[in-house]
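# Chains, contacts and geometry: an overview
Spelled out from the first residue to the last, the chains are:
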Amino acid sequence: MANGDFKSYLGLLCGFFREYRTVLRHKSQRPPRLALNYNRAFLVIMGLYPNRCLLAKYSNYKRCNRLLMLNSASLLLPIMFAIHESTNVVDMGDDMAWMIGITLIVTKNLYFYWRANEIDEVIESLNYYESCFRPTQGFQPADVESENVEIRRWQRLCYLVETTMCSTLTCCMFLFNMAICVQPLFSDRDLPYHAVFPFGWHSSVEHPRSHMLIYIWQSLTSQFNLLSICQVDALGIHSILHTALNLKILCLEMQKLSKLQLTDLEFHAEFRRIIQFHQHLISTVEKNNRLFHGAFIAQMIASFALISMSTFEAMAAASDPKVAAKFLIFMFVTFVQLSYWCIAGTLVSTQSTYVAQAAFELKDWHTKSIFIQRNILFMISRSQKPLLYEAKPFPPFTLATYSIILQQCYRILALLREAM
């Protein structure tokens, strides 16, 4: 699918709900494709995925991509120019929160602009089991039918979780943007975002027509930015979730291997393929860490800043319920985003250590040849080091890191509260 054209990506999105309903209704149905393909197709349709195939087929795609990213970034400049008009800490915090959020969106979009071809390789790597790894080939399906059913069940569950979460988050982004855009109707603010434009174009009294155009531009650009960060984050998080799924399948493949009556030579051949599967997963995690290093750092910094700032502003605006509610919603959105990243990273780190237990539980492995025993011991030793999605020098995406961020945010809030 990395070599598809614009029409094929559009057709994939059009058939999404049909494929989703099929998998949802039939419990034994194997997912037709990775959910990452839908995220990539959405980004292609939005003009934010300039891989080499699309650039070769459509000469104007790169120009459209640059224009869209420039438009997304241009939403930031008027907000920066307006920050000097903030008369209190609440208004200034509001402007800074939006500046951090837009900067995060632009940064991640730039990473996809630079690394689209490498992201294609990662998606193909995560499809390794479905396309290349067939350890049961040549054996009777009845011998390992329970494990085959279990593998299909986990594949279906992962597909449904990824697609349901992506659809839900996309709908939430529409509602979130609607709440932003209707805010001027219930407050004294002229625009969805506090902004300053040349010649006073943002004033609804002096320039009503230009004000209306700016209002529409901010609303549409805001919706575009929210949808783009939703799909960009979904692609990154779901690549982590699919890594956890492949680690789970790896454990099930070793359970399947234990039920087969094999000679030492046949066992060695099958276990070697499992080792290759494991090494492929390790290299995929390392590739992802290199590929998304800057995006991971931006995510950590932005999440820490947004949680701290939105919580503090909600406390500072306690006397105004409407303003406090806005910051609470902002804080909740940031919490959900960071939680999703950390939960996915925790699944990978914990599931990677279960590989050692699955290797140890191989049936009668201590009776095999010395060479086979040595390979199993090497795999047990390697699996005791968990696989981590991280961006050094920051800690990895795990629930432990999530707890540390919350603790640091609480300390900063306590310090600011005392200062007030």
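Up top is the structure.
On a predicted model such as this, the values are computed, not experimentally measured, just so you know.

Here the focus is the packing of aromatic side chains. Following the criterion strictly, the structure yields 19 aromatic pairs and no others. A centroid spacing of 5.0 Å and a plane angle of 80° characterise the contact between Trp 98 and Tyr 193, whose relative ring orientation is edge-to-face. Pair noted here: Trp 98 is in helix 7 (residues 89-126) and Tyr 193 is in the loop between helix 9 (145-181) and helix 10 (208-258), with a separation of 95 residues, a long-range link. The residues Trp 98 and Tyr 193 share a single accessibility class, namely buried. Considering the side-chain rings of Phe 267 and Phe 271, the 6.1 Å spacing of their centres and the 10° angle between planes classify their relative orientation as stacked. Within this pair, Phe 267 and its partner Phe 271 are both found in helix 11 (residues 264-291), separated by four residues, close to a single helical turn. The residue whose ring lies beneath Arg 153 is Trp 154, and the NZ or CZ to ring-centre distance is 5.1 Å. When the ring centre of Phe 267 is taken as origin, the NZ or CZ atom of Lys 368, which lies over that ring, is 4.7 Å away.

Before going further, it helps to spend a moment on the environment of Met 300. Considering the arrangement of structural elements, one finds Met 300 in helix 12 (residues 293-316). Look past the residues within four positions of Met 300 in its chain and what remains in contact with it is Phe 394, Pro 395, Pro 396, Phe 397, Thr 401 and Ile 405.

Another aspect to go through is empty space enclosed by the protein. A complete count under the given rule lists three cavities of 30 Å³ or more for this structure. Taken together, Lys 108, Tyr 111, Phe 112, Val 232, Asp 233, Gly 236, Phe 292, Ala 295 and Trp 341 make up the lining of the largest cavity. For the lining of the largest cavity, the elements supplying multiple residues, two or more each, are helix 7 and helix 10. Residue classes in the lining of the largest cavity are distributed as six nonpolar, one polar and two charged.

With that settled, consider the pattern of salt bridges. Taken as a whole and judged by the stated rule, the model has seven salt bridges. The salt bridge partner of Glu 19 is Arg 33, with a shortest N-O separation of 2.9 Å. Here Glu 19 is found in helix 2 (residues 16-25), whereas its partner Arg 33 is found in the loop between helix 2 and helix 3 (36-46), with 14 residues between them in sequence. Given a relative accessible area of 13%, Glu 19 falls into the buried group. Overall, Arg 33 belongs to the partly exposed group, its relative accessible area being 30%. Glu 150 is paired through a salt bridge with Arg 153; the nearest N and O atoms lie 2.8 Å apart. Taken as a pair, Glu 150 and Arg 153 lie in helix 9 at a separation of three residues, close to a single helical turn. Glu 150 gets classed as partly exposed once you look at its relative accessible area, which sits at 24%.

Cut-offs and rules
- The written sequence of each chain sets the order in which its residues are numbered from 1.
- Whole-chain, interface and lining totals are the exception, using all residues; otherwise, since this is a predicted model, local features are given only for residues with pLDDT of at least 70 and side-chain atom pairs are given and counted only at 80 or more.
- Computation of side-chain values: all heavy atoms of the structure, hydrogens and water removed.
- Ring pairs shown here join Phe, Tyr and Trp side chains whose ring centres sit within 6.5 Å, with only the six-membered ring taken for Trp; geometry is labelled stacked below 30 degrees between planes, edge-to-face above 60, and tilted in between.
- Numbered from the N terminus, helices here are DSSP runs of H or I no shorter than four residues, and strands are runs of E no shorter than two.
- Each residue is placed in one exposure class: buried if its accessible area under a 1.4 Å probe, protein chains only, is under 20% of its type's maximum, exposed if it is over 50%, and partly exposed if it falls in between.
- By definition here, charges over rings are those cases where NZ of Lys or CZ of Arg is within 6 Å of the ring centre and within 35 degrees of the ring normal.
- It only takes one pair of heavy atoms within 4.5 Å for two residues to be counted as in contact.
- We place a 1 Å grid over just the protein atoms. Points where a 1.4 Å probe fits but has no way out form a cavity, open points with protein on both sides within 12 Å along at least 5 of 7 lines form a pocket, and any residue with an atom within 4 Å of a point lines it.
- Grid points are joined across faces, edges and corners, and a volume is the space filled by probe spheres set on the points.
- Residues are grouped as follows: Ala, Val, Leu, Ile, Met, Phe, Trp, Tyr, Cys and Pro are nonpolar; Asp, Glu, Lys and Arg are charged; all remaining types, including Gly, are polar.
- Only one rule defines a salt bridge in this text: a Lys or Arg side-chain nitrogen within 4 Å of an Asp or Glu carboxyl oxygen.

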